[in-house]
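# Structural overview for review
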Amino acid sequence: SVIAYGDDTPGSRYLLLQHGRITHGFQFTDPDQRRRLTTYYGQKSGVGLAILNSPRKEKRIGVVGLGTGTLAAYGQKGDYVRIYEINSEVKRLATSRFTFVNDAITNGAKVDIILGDARLSMEREEPQHLDVLALDAFSSDAIPIHLLTKEAMQNYQKHLAPDGVLAVHISNRYLDLEPVVENLAKEFGYASVTVEDSESDDEWWIYTSTWVLLSKSTPLIDALRDLSKTDPEKKKATVVPLWTDDYASLLPIMSW
């Protein structure tokens, strides 16, 4: 569903994309406001920090989960944004009712939207050398399990640049996915940091979000930790087995 909110006051009207009970992004309709980053993707969010602090001038950004296409708004002249989306209707809406993707192209970025299951698509592709790969495939508050297994991580590793960042969106009311992602970081030798961004009255268009950032570049993760003011001592105590294609259980990570 695409739902309109606000009134005729300049800057107050926006369109929101909702699937089930989950908001998949929204965009202001005012031409002067429509490139504003919203919901879980602000500049202080984990994925925002990862993209803005990527060491390369012309960035290669991968996204699993299109939504309204908000992350395409980070694409600048010379950047490449590759977005994987399983639902053709979402692609239709993101490129007709919302303008984040088309505005990025107008801004000089190249944007490709790949239809189909992201993991299967990436298994068939040549390495993409991505500076940032964002996992943002929500479905009613759950990330598909097959995107968080050891075998899936092997696939992501193939497509990341040597100092690239895997950004995993784990905002969830019912599941604590942080220990699952931390297991993948340990298994593959990645440094990691959890970045929490909170909503405020001053920026009501920014939602509270939690992202886990993984990279082989420890200095980059350290720099992102400093920028996010994350407490290095704040770690989850939950211990769960490494998820694989043969084994995964939601019970240990459920928020009771």
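Above: the structure in question.
Before going into details, it helps to say that this report is about the structure given with it. Just so you know, these numbers come straight off a predicted model, no measurement behind them.

Moving on to the sheet that holds strand E1 (residues 2-5). Strand order in the open sheet made by the three strands is E1-E2-E3, with antiparallel pairing throughout. Edge strands, defined here as strands with exactly one partner in the open sheet, are E1 and strand E3 (22-28). If you compare each strand with its neighbour and ignore which way they point, the axes differ by 25° on average. As judged from the five bridges shared by strand E2 (residues 14-19) and E3, these two strands associate in the antiparallel manner. Paired with Gln 18 across the two strands is Thr 23, which belongs to E3.

So, about helix H7 (residues 218-228). Within the sequence span of H7, burial applies to Leu 220, Ile 221, Leu 224 and Ser 228. Buried residues of H7, seen end-on, are gathered within an arc of 100° and therefore sit on one face of the element. In H7, the exposed positions angled more than 90 degrees off the buried face are occupied by Pro 219 and Asp 226. Tucked inside the fold, the buried residues of H7 contact helix H1 (46-52), strand E8 (160-169), strand E9 (191-197) and strand E10 (209-215). At the exit of H7 stands Lys 229, carrying a positive phi of roughly 55°.

As a further point, take the layout of surface pockets. The space that makes up the second largest pocket amounts to roughly 320 Å³. Lining of the second largest pocket is provided by 16 residues; of these, Gly 42, Gln 43, Lys 44, Glu 203 and Ile 206 occupy positions nearest its centre. By residue class, the composition of the lining of the second largest pocket is six nonpolar, five polar and five charged.

With that out of the way, let us pick up the environment of Ser 54. If you trace the backbone, Ser 54 turns up in the loop between H1 and strand E4 (60-64). Using a relative accessible area of 9% as the deciding quantity, one classes Ser 54 as buried. Taking the C-alpha atoms as reference, Ser 54 lies 7.9 Å from Gly 164; in sequence the two are 110 residues apart.

Analysis parameters
Residues numbered from 1 in each chain as written. Predicted model: local features only at pLDDT ≥ 70, side-chain atom pairs only at ≥ 80, totals over all residues. Heavy atoms only, no water. Pairing = 2+ DSSP bridges. Helix = DSSP H or I, 4+ residues; strand = E, 2+ residues; numbered from the N terminus. Axes fitted to C-alpha atoms, helices over the stretch in contact; angles between N-to-C directions. Buried < 20%, exposed > 50% of the residue type's maximum accessible area, 1.4 Å probe, protein only. Arc of directions from axis to C-beta. Contact = heavy atoms within 4.5 Å. 1 Å grid on protein atoms, 1.4 Å probe; cavity = no way out; pocket = protein on both sides within 12 Å on 5 of 7 lines; lining within 4 Å. Points joined across faces, edges and corners; volume = space filled by probe spheres on them. Nonpolar A, V, L, I, M, F, W, Y, C, P; charged D, E, K, R; others polar.

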